[in-house]
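Residue strings, one per chain:
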Amino acid sequence: MTSEKETENSQITSKPAVNEARVIELAEKLFGLLVSKVKPLPSYDDQNFYIQTRDDGNNTQKEYVLKIMNGEDSKNTELIEVQTCAMKFLYDEGLPTPNPQLTKTGAIMSLEPIDCGGVITKHMVRLLTYLPGKPAAEIETTPEIAFEIGKMAATLDETLTKKFQHSYKKSFDRGEFIWNLSNTPLLRKYMYAIKDENLHQTIERVIAEYENSVKQNLRRFRQCINHGDLNDHNILLEKISISNGNNPDQYRVSGILDFGDMSSGYYVFEVAIIIMYMMIESTDPLPIGGYVLAGYESVIPLTKEEKEALFALVCCRFAQSLVMARYTVLHCPENEEYLMITAKTGWGRLMTLLDMGKEVVEKIWEDSGSFARSYVNKMHI
C-alpha cells in the first residue's frame, strides 16, 4: 500500500513541465482554440496557464486557464471529475466559479500523454474560463471584504452540501488526505523538514491540542463538503461602483479558484482555513477572524461546539501550511518562492496566537465580529 508520504512526494515529483508551444498544441487539439497569448500562472504541484484566443471574426477575444495536473493526482479520475462537475454546478447556481469547458468530443477533461524530461506520463488536462479581479492578497483587507469572503464561503459550502449530487460524490471521502484538518496528526510524518527545534516544538504543541481538545468532538460538528483551500490567492475581488462618493472603495468576490483540495469535512473547517489565510497578508491580523466569522455566520451560524474548536483549528491550518511548505521545498527547491509565501509571516502569526492564548483571541474575534456586522450594515444603508 502506498503511504501518504509517498503519495505527497509523488505529487511533487510528478509535476508536469510543459512548455508554451505544447500548451498551444493542447489547446488547439483538445478544445479547438486559436491561441494568441500564453502565460504561466503560479501553482503548487500542477501547471496552470493563462490563454487568450485570437479574434474569431466577431471582434471578440476570450480568456481561459488551461490546467495540467500532476501525474499522481491525474490517476484519480473519479475525484477530478466530481471536483470539476462541482465547479460547473456552482457556476450554474450563480456563484463566481470558473466554468469548465468541454473538449471537442464533449468531455469535461482529457487524460493526455506528456513528455516530462524524456519520460512519458499521463496528465489530466482541463480548460476553465478566466475570471476577472485581483487576488485578495493584493488588496488591503477591510472588515467588509473579510465579511464578504466569509459570507461567500458559507454560501458555497451550503450550496454544495445541500444541493450537489454526483455518482462520484463519495470520492470526497479522501482518507488520509494531508490537507484535511481532521488529519492534522499526520503532520508528524513530515516534521523532519522542520530543522529548528523551537519551531518543531511549536508544531507538536498544535498537534497535541488538536488531539486533546478537538478530535473527540468531531462527531458533534456538522458535516459538509469543504472547498478546503480558500486562501487569499484563490479568492478574487473586483471593485464595485457606488453612488455615494463619500464611501471608501467597495469590493465583491468575483472569483473562487482551485477546487483541487475539496474533501468531506465540516463547516467549521472552512471557517478556520479562511481565517488563517486571511491573517497571512493582513497588517492587522488578529481582528480578521471576527470579520470572517461574522460573514460566515450571516449564512451558517456555528454551534457552541464548533466555535469552541475554531481557535485550535486555525492553528492547525497554520501548522499544515508551514510544515508542508518546508517539506515540499526539500523536493522542489526551484519553486521555493511560491511555496514559502505563507512562511514569510506565518510562523510569526502562529506564535502570536499561541502566546496570546485562546481566551484572549476569541474575545478579539467577538469584538471585531460585532464591529464587522455594524460596519457592513452601515455601508449598505
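Residues numbered from 1 in each chain as written. Predicted model: local features only at pLDDT ≥ 70, side-chain atom pairs only at ≥ 80, totals over all residues. Heavy atoms only, no water.

- Per an unreviewed UniProt entry, the protein chain is named Hydroxylysine kinase, and its organism is Eleutherodactylus coqui.
- Taken directly from UniProt, the Sequence similarities (unreviewed entry) text for the protein chain runs: "Belongs to the aminoglycoside phosphotransferase family."
- If you open the UniProt record of the protein chain and go to Catalytic activity (unreviewed entry), you find "(5R)-5-hydroxy-L-lysine + GTP = (5R)-5-phosphooxy-L-lysine + GDP + H(+)". (UniProt positions renumbered as here; feature names shortened; annotations may be inferred.)

## With respect to helix H7 (residues 288-297)
- The buried count for H7 comes to 10 of 10 residues, which makes it a mostly enclosed element.
- Listing the buried residues of H7 in full gives Ile288, Gly289, Gly290, Tyr291, Val292, Leu293, Ala294, Gly295, Tyr296 and Glu297. (Buried < 20%, exposed > 50% of the residue type's maximum accessible area, 1.4 Å probe, protein only. Helix = DSSP H or I, 4+ residues; strand = E, 2+ residues; numbered from the N terminus.)

## Quick word on the packing of helix H6 (residues 267-281) against helix H10 (residues 341-356)
- The contact between H6 and H10 brings their axes to 9 Å, and the two run at 110°. Relative to H10, the element H6 lies roughly perpendicular. Packed against H6, whose contacting residues are Met276, Tyr277, Met279, Ile280 and Glu281, the element H10 presents Ile341, Thr342, Thr345, Gly346, Arg349 and Leu353 at the interface.
- Class assignment for the residues of the contact of H6 with H10 results in six nonpolar, three polar and two charged. (Axes fitted to C-alpha atoms, helices over the stretch in contact; angles between N-to-C directions. Parallel < 35°, antiparallel > 145°, perpendicular 65-115°, else oblique. Contact = heavy atoms within 4.5 Å. Nonpolar A, V, L, I, M, F, W, Y, C, P; charged D, E, K, R; others polar.)

## Focus: the sheet that holds strand S7 (residues 134-135)
- The antiparallel open sheet is built from three strands, whose spatial order is S7-S9-S10. Looking along the sheet, the strands with just one partner apiece sit at the ends: S7 and strand S10 (250-256).
- Across two bridges, the pairing between S7 and strand S9 (residues 235-240) is antiparallel. When the bridges of S9 are listed, Pro135 appears paired with Leu236.
- Each of S9 and S10 is contacted by helix H4 (residues 143-163), which is oriented at about 35° to S10, the strand it contacts most. (Pairing = 2+ DSSP bridges.)

## Examining the pairing of strand S3 (residues 63-68)
- The element S3 is largely enclosed, with a buried count of five among its six residues.
- With six bridges joining them, strand S2 (residues 47-53) and S3 adopt antiparallel strand pairing. Pairing of Gln52 across the sheet is with Glu63, part of S3.
- Direction of pairing for S3 relative to strand S6 (residues 119-129): antiparallel, over a ladder of five bridges. Bridging from a neighbouring strand, Val65 pairs with Leu128 of S6.

## Observations regarding the side chain of Asp232
- Relative to the helices and strands, Asp232 is located in the loop between strand S8 (223-226) and S9.
- With no salt bridge to any partner, buried Asp232 finds its closest opposite charge in Arg349, at an N-O distance of 9.2 Å.
- Sequence-distant contacts of Asp232, that is, excluding residues within four places in its chain, are made with Pro135, Ala136, Ala137, Tyr277, Met278 and Glu281. (Lys, Arg positive; Asp, Glu negative; His and termini not counted. Salt bridge = Lys/Arg side-chain N within 4 Å of Asp/Glu carboxyl O.)

## What to know about the environment of Gln52
- Here Gln52 lies in strand S2.
- With relative accessibility at 19%, the residue Gln52 sits in the buried group.
- Between the C-alpha atom of Gln52 and that of Tyr64, which follows or precedes it by 12 residues, the distance is 6.5 Å.
- Discounting chain neighbours no more than four positions away, the residues touching Gln52 are Leu34, Val35, Ser36, Lys37, Gln61, Lys62 and Glu63.

## Some remarks on the packing of H4 against H6
- Across the interface, H4 lies against H6 with an axial gap of 10 Å and an inter-helix angle of 150°. Comparing their axes, H6 and H4 come out roughly antiparallel. Note on packing geometry: the crossing formed by H4 with H6 is right-handed. Touching Ile149, Ala153, Asp157, Glu158 and Thr161 of H4 are Tyr267, Glu270, Ile274 and Met278, all from H6. (Left-handed = near helix turned anticlockwise from the far one by under 90°.)

## Topic: the packing of aromatic side chains
- Evaluated as defined, the whole model comprises eight aromatic pairs.
- Between Tyr50 and Tyr130, the ring centres sit 4.9 Å apart and the planes meet at 75°, which makes this aromatic pair edge-to-face. Of the two residues, Tyr50 sits in strand S2 while Tyr130 sits in the loop between S6 and S7, which places them 80 residues apart along the sequence.
- Look at Tyr50 and you get buried, because its relative accessible area is 6%.
- Ring geometry for Phe89 against Phe164: centres 5.4 Å apart, planes inclined by 50°, an arrangement best described as tilted. Pair noted here: Phe89 is in helix H3 (residues 77-92) and Phe164 is in the loop between H4 and helix H5 (197-214), with a separation of 75 residues, a long-range link.
- By the ring-pair criterion, three or more aromatic residues cluster together here, those being Tyr190, Tyr192 and Tyr327. (Phe/Tyr/Trp six-rings, centres within 6.5 Å; stacked < 30°, edge-to-face > 60°.)

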